[in-house]
Amino acid sequence: MALAGAVGVATPSHAITGTVRVTVAKAGFIVGAGGGNGVLTFRHRNYPFTVQGLSLGLTAGASINKLVGRASYINELSDFSGLYTAVGAGGALAGGVGGVQLRNAKGVVITLQSVKAGLELSANITQVVILLDPSRSTPD
């Protein structure tokens, strides 16, 4: 009986999941750099954002990545902006498929899958800065 009462009192997390679309261009040898833009769809609105990134490790080549996925554990819209870190490996030779998972200090996790165009091989640790522009939001 006490367990049933405790379960009834527990409150669900208010974190929300949004969808993410990003296009990023990347180039480098050992140290890679890239940038791009995207859209977060969150609470029935589309929010544009910019992405700037740096990768350290084995990186060679250039590619354009179109990524789609989700952003999880967003409590407030402001949680989305910030510095994200990812650890991963991937590659593309005139096209390919890859994926990445990013996490910021506020606990937001972005999981993305991509279709790549170009030539790139990588095995690195990446840091990405995402800047959200809520003033340019549009209805979903």
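What you see is a predicted model; the values in this text were computed from it and never measured.

Peer 1: I tried to follow the overall build of the protein chain on my own but got confused; where do I start?
Peer 2: Within the protein chain, the secondary structure is distributed over one helix and six strands. Classification of the 140 residues of the protein chain by burial places 35% in the buried group. Relative to all contacts within the protein chain whose residues are 6 or more apart in sequence, the contacts with residues 24 or more apart total 72%. When the accessible area of the protein chain is evaluated, it comes to approximately 8000 Å², of which 66% is carbon and sulfur surface.

Peer 1: Which parts of the structure should I look at to understand the confidence of the model for the protein chain?
Peer 2: Keep in mind that low pLDDT regions are not for reading the predicted coordinates in detail. Predicted confidence across the protein chain gives a mean pLDDT of 75, with 61% of residues reaching 70 or more. For the protein chain, the element scoring lowest by mean pLDDT is helix α1 (residues 2-9), at 43; strand β6 (residues 138-139) scores highest, at 92. Below pLDDT 50 for its whole length, residues 1-12 participates in zero contacts with residues either more than four positions away or in separate chains.

Peer 1: How do you make sense of a nonpolar patch on the surface when you look at a structure like this?
Peer 2: Judged by side-chain polarity, Leu83, Val129 and Leu131 come together as a nonpolar surface patch covering roughly 250 Å² of accessible area. Along the chain, Val129 falls in strand β5 (residues 109-132).

Scoring rules and cut-offs
Residues numbered from 1 in each chain as written. Predicted model: local features only at pLDDT ≥ 70, side-chain atom pairs only at ≥ 80, totals over all residues. Heavy atoms only, no water. Helix = DSSP H or I, 4+ residues; strand = E, 2+ residues; numbered from the N terminus. Buried < 20%, exposed > 50% of the residue type's maximum accessible area, 1.4 Å probe, protein only. Contact = heavy atoms within 4.5 Å. Areas by Shrake-Rupley, 256 points an atom, 1.4 Å probe, with all protein chains shown as cover. pLDDT = per-residue confidence, 0-100. Patch = residues over 30% accessible without salt bridge, like charges linked within 9 Å, V, L, I, M, F, W, Y side chains within 5 Å. Salt bridge = Lys/Arg side-chain N within 4 Å of Asp/Glu carboxyl O.

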